[in-house]
Structure formats: structure tokens, C-alpha cells
Amino acid sequence: MEERYERIPIIQLWDQLLVPLQGDVTDAHADRLCDEVLERLRRTEARGLAVDITGLWVVDSHLCATLSRLAASAQLMGTKTVLCGMSPSIALTLQTMGVELTGVKMALDLEEALEWLGFRVAGPDHRRELDGEWAPGED
Amino acid sequence: MDQYDRLLTLLSGYVSPLNARSVLNRALSHPRIERHQLVERRLAEIVPRIGRAAQLFIDPARSDSLEKELRALVGDRAPPTRILVEINGEADIVRARAAGRRICETFEINGFSVQKVATIISELSRNIASYVGRGQLEIVPISGRPPRVQIVAEDAGPGISGIDRILAGQYKSKTGLGLGILGSKRLADRFDIQTGAGGTRIEVEVIL
Ligand SMILES: Nc1ncnc2c1ncn2[C@@H]1O[C@H](COP(=O)(O)OP(=O)(O)OP(=O)(O)O)[C@@H](O)[C@H]1O
Ligand SMILES: [Mg+2]
């Protein structure tokens, strides 16, 4: 099988970086991700990093090790890292295996991750208008 | 109730009983399949013919729904096919995971069980790729209630030294978390390992 070169999107939001991971990530892809993100952190001096794994299909022990390594390296560079979007079945799988993502801050979804990194929604809370089911006090 | 009656009942939900019989007989006519030959394993062959024959009588708005019911009937009995993936390098791990996904899809299963299957496949094929270089992984779907998936990883490498410690959770990996084998065992409903100087064979089963 020929090597497919997949570009890893690294999105800059002011002084933070956002990395959305998609599909089936190969080991080479994950290693390159680590290098590229760290390089971008160095260049941009970003203060925070959010890795969104909502689009990932499988997260195994190797990928967990890579993500922990990324977070630990970012930490050493003074950047805090948050991982978000882990599906319930992936969480159950890792839990059953006994894999611990030590030292990695987890958030439920991207909104929560960005809030943790210090983003604030300005103005009225639009979610209330968008979602009729939204009950006051649930926030 | 034989297959003929089951199909007749299904069709009667969409067309009149008289038309249902005529659709079914028409579907069985070219080439001719006798009622007693209409066993489960021939359903896949007959179902598309029923779909076409029904077009003449069915309310077009409902033909999608009939199509779906017919497909479900076959999907249920689709002969499970095993997939053999040769592992020669890291790129094959992705191929193996994709094969596992295809197999789970034939059972229309998703969620936690698919994750279990995919993760075990990933761990076992990575070990072959990293520590032996070459080997094979076989993924075998087993129909039944509930269906199961068997994963057999085999290589002719040097064997795993200290397997007892690995399975006891006392192993510290230099290259990873050291949870590939133990994690697979914890995810599996059945786990067998034979390893020695001639190579390694790991067989696991996951109930879907
Ligand atoms: N097929 C194999 N042939 C020979 N040695 C193996 C094989 N699979 C695993 N090993 C050895 O057993 C050890 C444990 O494997 P295991 O998959 O449990 O953990 P790991 O590969 O070290 O880390 P992880 O899988 O968590 O990334 C490996 O470090 C390796 O030395
Ligand atoms: Mg391993």
C-alpha cells in the first residue's frame, strides 16, 4: 500500500491551537502530528492546545501514548493541553484495558475544552434561543 | 412457517394477498426455484428478484421500506466471510482495522463492541509489525445469537518472553504503555495465547 500523506489541520485561534483529528490515524500520522504540533507551538508561542478526537474511529494504547507524550512535551514548553470529544465507547474501551491518560486534561466537548483554555462566550447566551429544550439552570 | 410463508407474509404488508402470491411465484420462476428449495442460503439470490417483481404492484412511496425489509432479511443470513490480512508493516495495521470494521458492519453492530474488536485488532497487528515484522491476522465473523468475532494473530517470530509477567500486569514496556496484550485480554470474552521459540499465536473472541 502506498503511503498516503495526510495533512494534519492545525488551526490557530488567537493564542491557542486547535487540532481536530479525523478517521483512522496511522502510527506514522500520529508521530508526525506530535512533531508538527510542537513545532507550531514553538513558532506561535501558543498558550493552550485543544486536541479534538470526536472524529477518530479507534484509539488504541499506542495512540494514547502518543497523545500523552504530546501533552507532556507541550507542558514542558509552557502550553496547557486539553483533549476533548472522546466517545463513550472509546472511553469504555480504554477504561476496560486499563489505559490511563495521565497528566492529560479531558473535556467533554470542544466548547468545554475552549472554556477551560480561557475562551468566554461574549454577549447573550445564544444556545438558549437555538435550543428550545434548554432548561435554565442546566448550564 | 417456511421461507415461502415468511416472504408471503412480508409481501402482504405491501400488496394484496393475491398480488403477494403472484409476486413471489414470479420471483421464483426464472430460473425456477421450487418452494422446498427456498432455504435460507438461497434467500440472497431470490430477494432482488422479489424486489423487482413487486415494483409492478407496490405503492411507489412504500417501495423503499419494502426494499429495507427485504435487505434486512438477507443481511441477517449473509454468509459470514472471514478476512485474512497479511501484516508486513505499519501500514497494514490500518488495513486490518478497516477489515474488522467491515466485518462488524455485516452484523450491523456498532458502539462498544466494534471498538473492542477494532482495538484488539490494532494492538495485535501492531505487535506483529513492531516486534516480528511479518505475520498474519485473521478475522472470523461467527453468526449466532449473539454474533461473535474471532481474531487470530499469528507470527513465526521469536516468541514473547515473560508472557506471564505481561499478563499479570507486572511488565514495564520500553516502547509503549505495555498494555497491548493485557488490554486485549481484558477486552476479550475469550483469550488464548501460545508463544514460544517457533512464534506466537493469539486467539481472541468478542461477543457482539
Ligand atoms: N508477536 C510478538 N512477538 C514477540 N514479542 C512480542 C510480540 N508481541 C509483543 N511482544 C513483546 O511483548 C511486550 C508486550 O507487548 P504489549 O503489546 O503488551 O505492550 P507494548 O507493545 O510494549 O506496548 P503497547 O502495546 O501498550 O504500545 C512487547 O514489548 C514485546 O517485547
Ligand atoms: Mg503492543
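As shown above, the structure is provided for reference.
One structure accompanies this document, and this report is about it. The numbers attached to residues start from 1 for each chain and follow its sequence in the written order. Here the convention is simple: chains get letters from A, ligands get numbers from 1, in the order in which they are written. The model is predicted, so local features are restricted to residues of pLDDT at least 70 and side-chain atom pairs to those at 80 or more, both for listing and for counting; the totals for chains, interfaces and linings are taken over all residues. Working from all heavy atoms in the structure, the side-chain values ignore hydrogens and water.

A short note on the overall build of chain A
For the record, the criterion: Here a strand is any run of E in DSSP of at least two residues, a helix any run of H or I of at least four, and the numbering for each starts at the N terminus. Partly exposed residues are those whose accessible area sits between 20% and 50% of the maximum for their type, while under 20% is buried and over 50% is exposed, using a 1.4 Å probe and protein chains only. Two residues form a contact once any of their heavy atoms are found within 4.5 Å. The accessible surface values rely on the Shrake-Rupley method and a 1.4 Å probe; as for residues, cover is taken only from the protein chains in view.
Counting its regular elements, chain A contains five helices and five strands. Listed N to C, the secondary structure of chain A is β-β-α-β-α-β-α-β-α-α in terms of helices and strands. Here chain A holds 139 residues, and 43% of them are scored as buried. Put simply, 73% of the contacts in chain A that link residues at least 6 apart link residues at least 24 apart. Here chain A has roughly 7800 Å² of accessible surface; of this, 54% comes from carbon and sulfur atoms.

Things to note about the site of ligand 1
Our working definition: If a single non-hydrogen atom of a residue is within 4 Å of a molecule or strand, that residue counts as near it. The definition of a polar contact used here is a pair of N or O atoms within 3.5 Å, where within protein one atom must be able to donate a hydrogen and the other to accept one, and adjacent residues in sequence count solely through side-chain atom pairs.
Near ligand 1 you find 18 residues, and of these B:Asn127, B:Tyr131, B:Tyr171, B:Ser173 and B:Leu179 are the closest. Around ligand 1, the nearby residues trace back to chains A and B. A:Ser61 is positioned with one of its side-chain polar atoms (N or O) 3.0 Å from an oxygen atom of ligand 1. Between B:Leu177 and ligand 1, the recorded distance is 3.4 Å, taken from a backbone N or O atom to an oxygen atom.

Topic: the environment of B:Ala54
All names here are of chain B. By secondary structure assignment, the location of Ala 54 is in helix α3 (residues 43-54). Sequence-wise, Ala 54 and Ala 20 are 34 residues apart; in three dimensions their C-alpha atoms are separated by 8.0 Å. In this structure, Ala 54 is in contact with Leu 11, Val 23 and Leu 66, ignoring residues within four places of it in sequence.

Some remarks on the sheet that holds strand β3 (residues 148-155) of chain B
Residue and element names in this part refer to chain B. Going by this rule: Two strands qualify as a pair provided that DSSP identifies no fewer than 2 bridges between them. All axes here are fitted lines through C-alpha atoms, helices being fitted over the stretch that makes contact, and every angle between N-to-C directions spans 0 to 180 degrees.
Taken together, five strands build an open sheet; the order of strands is β1-β2-β3-β5-β4 and the sheet is antiparallel. In this open sheet, the two edge strands, each paired with only one partner strand, are β1 (83-87) and β4 (190-196). Between one strand and the next, the sheet's axes are offset by a mean angle of 10 degrees, whatever the strand orientation. Strand direction decides the pairing type here: β3 and strand β5 (residues 199-207), joined by eight bridges, are antiparallel. Within the sheet, the bridge partner assigned to Gln 150 lies in β5 and is Glu 205. Running over the sheet, helix α6 (residues 112-132) touches β1, β2 (135-142), β3 and β5 and is turned about 5 degrees from β3.

Section: the pattern of salt bridges
Note the threshold: Counted as salt bridges are all cases of a side-chain nitrogen of Lys or Arg within 4 Å of a carboxyl oxygen of Asp or Glu.
Applying the stated criterion to the full structure yields 19 salt bridges over all chains. Between A:Asp27 and B:Arg126 there is a salt bridge, with its nearest N and O atoms 2.5 Å apart. Here B:Arg126 lies in helix α6 and A:Asp27 lies in helix α1 (residues 27-44), a pairing that spans two chains. Of the charged contacts in the structure, one is a salt bridge between B:Arg201 and B:Glu203, with a shortest N-O distance of 2.5 Å. For B:Arg201, a relative accessible area of 28% translates into the label partly exposed. Classification of B:Glu203 as buried rests on a relative accessible area of 17%. One salt-bridge network, held together by shared partners, links B:Arg148, B:Glu154, B:Arg190, B:Asp192, B:Arg201, B:Glu203 and B:Glu205.

Considering helix α8 (residues 180-187) of chain B
Counting buried positions along α8(B) yields six of eight residues, so the element is predominantly enclosed. For α8(B), the set of buried residues is B:Gly180, B:Ile181, B:Leu182, B:Gly183, B:Ser184 and B:Leu187. In the core, the buried residues of α8(B) are packed alongside α2 (61-76) and α3 (88-97) of chain A together with α6, α7 (163-167) and β4 of chain B.

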